[in-house]
Amino acid sequence: MKRFIRYLYEYEQGRRLRNVGFIKVEQGEDECAVHIHGKGLHMKGEKKLQLYLFYEENGECIGVWQGTVDNVNPAINYRLYYTKEDVGIPENFMKINGMILESENGHKYAAVWDDMPVDVDRMRVWQQKPERVTIVEKLERMAREKDAEEEERAPEEAVIQKERNQPEMHRPVEEQNEQREQMITAEQIPMEEEQDVEGQCPSCRFQCSKIQRNELARLPRCEWKLANNSFLLHGYYNYHHLALIDDGKGLRLGVPGIYHPQEAKAASAFGFAEFIPIQEIDLELTEDEGDESEQFGYWCRYVKGPRAF
């Protein structure tokens, strides 16, 4: 693990103007955490900053968007966690040479790993265009990834896991009758029983918020592995967000998607066994964050973390 501290500077027309804080970096071989501390930013009433990681190529500064920092006032205290999956392509991970914060009016603040001059004002944004794949293609890919994971585990655990991933995923009838009121997975809920699902998850019990994948770093460390969950990645790259759903008793992490029996099997195999329709969740979505289908919603699992996020 490589650790270092760099100053955060305000930039104007490509020149450093003044120091406005510092950042602490903890960099591993395939993951990195960046702690940003700044104050006295000239926000002029603005409250949001766009966050980029950047690298240089042929003298050009290329920024990879990481998300939006809200409620800057004009101080900032933020933690960014990223992996090879968050920098465009994995090969870019070791090229990252700093981070840039950009206000709505284009004002920039930056920290540079090697402290060399960088023309941050001419940053070009790296564009990623994820391809939406069909359910069949996704299931085939997930099955291959799941098989690879199972081969790395102990033989006994691999046998148990493969049995769970067989098409007949329902429990024996006797066990279903005994535990029906205690455990109901998404694949066990027939489509015509939608009213029963709504009765279990009334919208008035939910407090919801949208998050970006890198914000999973704000959850306890034990939950960080979810950032590389294959099912989560597929939903995130298709709909560009995740959801945190609080029912007052526990916190759920929601992955956007469309309800379908085959989809339910894939979701359950990757730990997201519960489905909550969008009609029961009060979230404002942009055009590329949602779907007009009535079966759109969130595949959920409980996570540890603070209720207020």
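Structure first, text after, so check above.
Residues numbered from 1 in each chain as written. Predicted model: local features only at pLDDT ≥ 70, side-chain atom pairs only at ≥ 80, totals over all residues. Heavy atoms only, no water.

## Let's talk about a nonpolar patch on the surface
A grouping of Ile5, Tyr7 and Phe22 is seen on the molecular surface, where their side chains present a nonpolar patch of about 320 Å² in accessible area. Its location among the elements puts tyrosine 7 in strand β1 (residues 2-12). Taking relative accessible area as the criterion, tyrosine 7 reaches 52% and is therefore assigned exposed. (Patch = residues over 30% accessible without salt bridge, like charges linked within 9 Å, V, L, I, M, F, W, Y side chains within 5 Å. Areas by Shrake-Rupley, 256 points an atom, 1.4 Å probe, with all protein chains shown as cover. Salt bridge = Lys/Arg side-chain N within 4 Å of Asp/Glu carboxyl O. Helix = DSSP H or I, 4+ residues; strand = E, 2+ residues; numbered from the N terminus. Buried < 20%, exposed > 50% of the residue type's maximum accessible area, 1.4 Å probe, protein only.)

## Considerations on the sheet that holds strand β14 (residues 296-303)
If you walk across this open sheet you meet the five strands as β10-β11-β12-β14-β13, and the pairing is antiparallel. The open sheet has two free edges, formed respectively by β10 (207-211) and β13 (274-277), since each of these has just one partner strand. Sheet twist, expressed as the mean angle between neighbouring strand axes with direction ignored, is 35°. Relative to β14, β13 is paired through four bridges, and the arrangement is antiparallel. Residue glutamate 274 lies in a different strand from β14, and its bridge partner there is cysteine 300. Helix-sheet contacts for helix α5 (residues 230-239) involve β11 (242-246), β12 (251-258) and β14, and the interaxial angle to β12 is about 60°. (Pairing = 2+ DSSP bridges. Axes fitted to C-alpha atoms, helices over the stretch in contact; angles between N-to-C directions. Contact = heavy atoms within 4.5 Å.)

## Observations regarding the nonpolar core
A general trend in soluble globular proteins is that nonpolar side chains are found buried together. Ranked by size, the top nonpolar core spans 30 residues in total, and within it Ile36, Tyr82, Met99 and Leu101 carry the most contacts. At the level of secondary structure, the elements contributing two or more residues to this core comprise β1, β2 (15-27), β3 (31-38), β4 (49-57), β5 (60-69), β6 (76-83), β7 (98-103) and β8 (108-112). Not counting residues within four places of it along the chain, the set of residues in contact with leucine 101 comprises Leu8, Ile36, Leu49, Gln50, Leu51, Ile76, His107, Lys108 and Tyr109. Counting 22 residues, the second largest nonpolar core, distinct from the first, contains Leu219, Leu226, Phe231 and Tyr259. (Core = buried A, V, L, I, M, F, W, Y, C linked by side-chain atoms within 4.5 Å.)

## Here we look at the packing of aromatic side chains
This structure, assessed with the given rule, holds 12 aromatic pairs. Taken together, Phe231, Tyr259, Phe272, Phe275 and Trp299 form an aromatic cluster joined through their ring pairs. A cation sits over an aromatic face here: arginine 16 above tyrosine 9, 4.3 Å from the ring centre. Across from the ring centre of phenylalanine 272, 5.5 Å away, lies the NZ or CZ of arginine 301, which sits over that ring. (Phe/Tyr/Trp six-rings, centres within 6.5 Å; stacked < 30°, edge-to-face > 60°. Lys NZ or Arg CZ within 6 Å of the ring centre and 35° of its normal.)

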